[in-house]
Structure formats: structure tokens, C-alpha cells
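Survey of secondary and tertiary structure
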Amino acid sequence: MHHSATPGFRLPRFAALALLAALGAVGCAGESGPSAAEIEAQAKRERAAEAAAAVFARSVNEVRETRLQNLQKPDGWLSLVGLHWLKPGNSFVGSGPTKGVRLAVGPEELGMIRLERDGTVTFRATPGAGVTYDGKPGSTSTRTLVTDANGGTPTVVGFNNGDASFVVIKRGEAYGLRVRDALAPTRTRFAGLEYFDINPAFRFDARFEAHPAGQTIGIVNVLGIEEAMANPGVVVFQKDGVEYRLEAVDEGDGRLFLIFADRTSGHESYAAARFLYAEQPADGGTTVVDFNRAYNPPCAFTEFSTCPLPPPSNRLDLRIEAGEKKPLPLDAA
């Protein structure tokens, strides 16, 4: 596996050229140029700007490296191999052709899952299937599974010697099995990430305008399901004298989650959306919106995710030439 090198941003030096120009002006025209003190002061400013640019590039590259590592984890987004919506009542789970929930990986029969009308989900493992619960060996007795509803941490049902697993997710009123396999081609043949050049011109000190407490916004996901999400406010920034606004949502951790599309979407960048986080200012004043840290949603890499889409107000009439580009093709097998 590899990933594209991210070029750092470097400011040019003009001190030597300025000195040569000054000497040439004196020799040819007899006019006095910048003083030695002025030339040195300019050189210091340029060195300081270079140092600041290097620190900025390093911070962005550290975020990108962490993202790459998280994507490539055995249970990361690249390992998704299935999303199966459950029907009320009992369903047998396994890779066998007659199973109600047919998995792409695992034994012919893994167990039986049951969805109650009230949203309770239970699972009974088939003897010998080698099932674990949150990494610990499980019995064949019926077990209630925690779903991701209401921000819960779902029970991880593992199998295939720990290489594969599933969790139960809730989207709208529907419950489904999200299945992972560490040996999925989307992970083992992952070609890395590609980015626009790091560009400080796409880092903005944005104004935060708070909404009334409790306000929500309808966010539609790739399944066409709309969910109301906490909408604490809007961030406002200017580019080339034009003002742009992005509605923010709060996923529960207090940060401002920005789901946006722009004029590069479907061209250099992923068509559906890109994601970005910003800190919610304690004083309600300003926050930093750095598009160099924008990244692709999981649905850019797999069809088995349920990514949120940008609200209409977050489709910017602007080319955001910063952040992550569209995914690279998978490496040859």
C-alpha cells in the first residue's frame, strides 16, 4: 500500500534578489537602494513566514497521516463488505445460500438474529461458529445486542477468527447489520489518498453565528433517509471578497461538523460531499475553518455506508482547491 506524498507549502525567498537589485541600481543609476538594515529586516520577515508555513504544513500532514492509519485499520471503513436490513422476527445469518441474512464472508450459518417491534435485537450463535462478543468468546445462549441508536456503542459480533464482524445500526426506523472483513479488497488493495497541495489561502478565520438553543436541521443520507440533527449555528467566511456560509451540525461531541460540496465536487474531489470539523468557539465569536483538512466520507470508498449529504445551503459556488481529492482506483490484485 502507498499513499501520495503531500507537498508542503514553501514561500520563496527574495532577499538575495533584492540585494542584487539594490546593488545594480546603485552601480547603474547612481541611486541609493534599500539599506542593509532594510534588507535584513525583509529577510527576517521571509524567514519567519517560511517557518510559519512549515509549521502549518506539518500540522496538516499529521492530521492526514492519522486519517490514513485509521482508514487502514482492520475494522476501519475500508473493511466494510455488507449492509443488510433486518425484518421483524427471526432471520438466520450466514454465508449459506438459504440464509435470510446472507453474508459475504464467514461460515454457512453464523446464528439467528431477532428484531422485535420495539427495536430490541437479540442474537443466538450457532454451535461451533466461533462467535465472540466485543472480542470475548461467547456462548450459544441468546444475547441482546446493543445498537448504535441514540449514540450507543454497538456490540461487535466477531467471527472468522476475528477477521470479520458485524454490528447493528439504526437509520431512521430501520435496523441493519453492518459487516466488516479485514481481508476485503477495498482494504487489501487500497491505493492510498491523494490531496490538493497544502494552501494557507483556504484556511479561514470564520465568524460563528449561533442559532437558538435546540435548533435542528434535516440531513438526508445516501439512503434517502432524512434525520434531524442538532444545528448549533452557521460559520461564515470570506474568499476573494465574497461571503460564504456553512450550516454546522453537532454529532454530540460539541464540535462543528461541516458537510459540504463545492465546484470541485464530481471533478477533482468526490461528487457527493466532503467533511470537515471546526471547534465551536467558547465565546460564540470566531473559529478556524481549514479546508486543507477536508476529507472524503466513507461512501467514497464503499457502497455499504450511510453517509450524510450536504444540506442545500452547504453547496458552495466556489472551487475549494484544498483537502482530499476523489479516491484512487484500487491497486491491481
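Rules behind the numbers
- Here the residue index of a chain counts from 1 through its sequence in written order.
- Only residues with pLDDT of at least 70 get local features here, since the model is predicted, and only at 80 or more are side-chain atom pairs given and counted; chain-wide, interface and lining totals rely on the full set of residues.
- To obtain the side-chain values, all non-hydrogen atoms of the structure were included, while hydrogens and water were left out.
- Between any two strands, at least two bridges found by DSSP are needed for them to pair.
- Where helices and strands are cited, they refer to DSSP runs of H or I of at least four residues and of E of at least two residues respectively, numbered from the N terminus.
- Summary of the burial criterion: residues with accessible area below 20% of their type's maximum are buried, those above 50% are exposed, and those between are partly exposed, where the area comes from a 1.4 Å probe applied to protein chains only.
- By definition, a salt bridge exists where a carboxyl oxygen of Asp or Glu is found within 4 Å of a side-chain nitrogen of Lys or Arg.
- A helix is expected to span 1.5 Å for every residue after the first.
- What pLDDT reports is the predictor's confidence in each residue, on a scale of 0 through 100.
- Should any heavy atoms of two residues lie within 4.5 Å, those residues are considered in contact.
- When two rings of Phe, Tyr or Trp (its six-membered ring) have centres within 6.5 Å they constitute a pair, described as stacked for plane angles under 30 degrees, edge-to-face for angles over 60, and tilted for the intermediate range.
- Lysine NZ or arginine CZ positioned within 6 Å of the ring centre and within 35 degrees of the ring normal marks a charge as sitting over the ring.

Observations regarding the sheet that holds strand E5 (residues 121-125)
On the basis of which strands lie adjacent, the open sheet formed by five strands has the order E3-E2-E4-E5-E8 and mixed pairing. This sheet does not close on itself; its edge strands, each paired only once, are strand E3 (101-102) and strand E8 (143-145). Where strand E2 (residues 89-94) and E3 come together, two bridges link them in parallel fashion. Along E3, the bridge assignment pairs Gly-94 with Arg-102.

Observations concerning the environment of Ala-213
Tracing the backbone through its elements, the reader meets Ala-213 in the loop between strand E12 (203-210) and strand E13 (216-220). Its relative accessible area of 85% is what places Ala-213 among the exposed residues.

Comments concerning the pairing of E2
Inspection of the sheet shows E2 paired to strand E4 (residues 111-115) by five bridges, in the antiparallel sense. If you follow Asn-90 over to E4, its bridge partner there is Arg-114.

A word on the pattern of salt bridges
Throughout the structure, instances matching the rule amount to 16 salt bridges. Ionic pairing is found between Asp-148 and Arg-171, a salt bridge with its closest N-O pair at 2.9 Å. Taken as a pair, Asp-148 in the loop between E8 and strand E9 (157-159) and Arg-171 in strand E10 (residues 164-171) lie far apart in primary sequence, 23 residues in all. The same class applies to Asp-148 as to Arg-171, namely buried. Ionic pairing is found between Arg-245 and Glu-209, a salt bridge with its closest N-O pair at 2.8 Å. Of this pair, Arg-245 sits in strand E15 (residues 242-250) while Glu-209 sits in strand E12; the two residues are 36 residues apart in sequence, bridging distant segments of the chain. A relative accessible area of 36% places Arg-245 in the partly exposed class. Salt bridges linked by common partners bring Arg-207, Glu-209, Glu-243 and Arg-245 together as one network.

Topic: the sheet that holds E10
Strand order in the open sheet formed by six strands is E1-E11-E10-E9-E6-E7, with antiparallel pairing between adjacent strands. Strands at the two margins of the open sheet, each flanked by one partner only, are strand E1 (80-85) and strand E7 (136-137). Strand direction decides the pairing type here: E1 and strand E11 (residues 174-181), joined by five bridges, are antiparallel. Bridging across to E11, His-84 finds its partner in Leu-177.

Notes on helix H2 (residues 36-71)
With 36 residues, H2 should reach 52 Å at 1.5 Å per residue; the first-to-last C-alpha distance of 52 Å fits that figure. Within the span of H2, buried status applies to Ile-39, Ala-43, Glu-46, Glu-50, Ala-53, Phe-56, Ala-57, Val-60, Arg-64, Arg-67, Leu-68 and Leu-71.

Looking at the confidence of the model for the chain
Chain-level pLDDT for the chain is 90 on average; 90% of the residues reach the 70-or-more range. Low pLDDT (under 50) marks residues 1-30, which in the prediction has 47 contacts with non-local residues, meaning those over four places away or in another chain.

Quick word on the packing of aromatic side chains
In total, this model carries 11 aromatic pairs according to the counting rule given. Between Phe-123 and Phe-166 the ring centres are 5.5 Å apart and the planes differ by 80°, which places this aromatic pair in the edge-to-face class. Highlighted residues: Phe-123 in strand E5 and Phe-166 in strand E10, separated in sequence by 43 residues. Like Phe-166, Phe-123 is buried. An aromatic cluster of three or more residues is present, and its members are Phe-202, Phe-204, Phe-237, Tyr-244, Phe-260 and Phe-291. The cationic tip of Lys-99 hangs over the ring face of Phe-92; the distance from NZ or CZ to the ring centre is 5.6 Å.

Focus on unusual backbone geometry
Although it is not a glycine, Asn-150 sits at a positive phi angle of roughly 60°. Secondary-structure assignment places Asn-150 in the loop between E8 and E9. Given the relative accessible area of 86%, Asn-150 is considered exposed. The phi angle at Asn-161 is positive, at roughly 55°, despite the residue not being glycine. Turning to its location among the elements, Asn-161 is positioned in the loop between E9 and E10. By relative accessible area, Asn-161 is classed as exposed at 84%.

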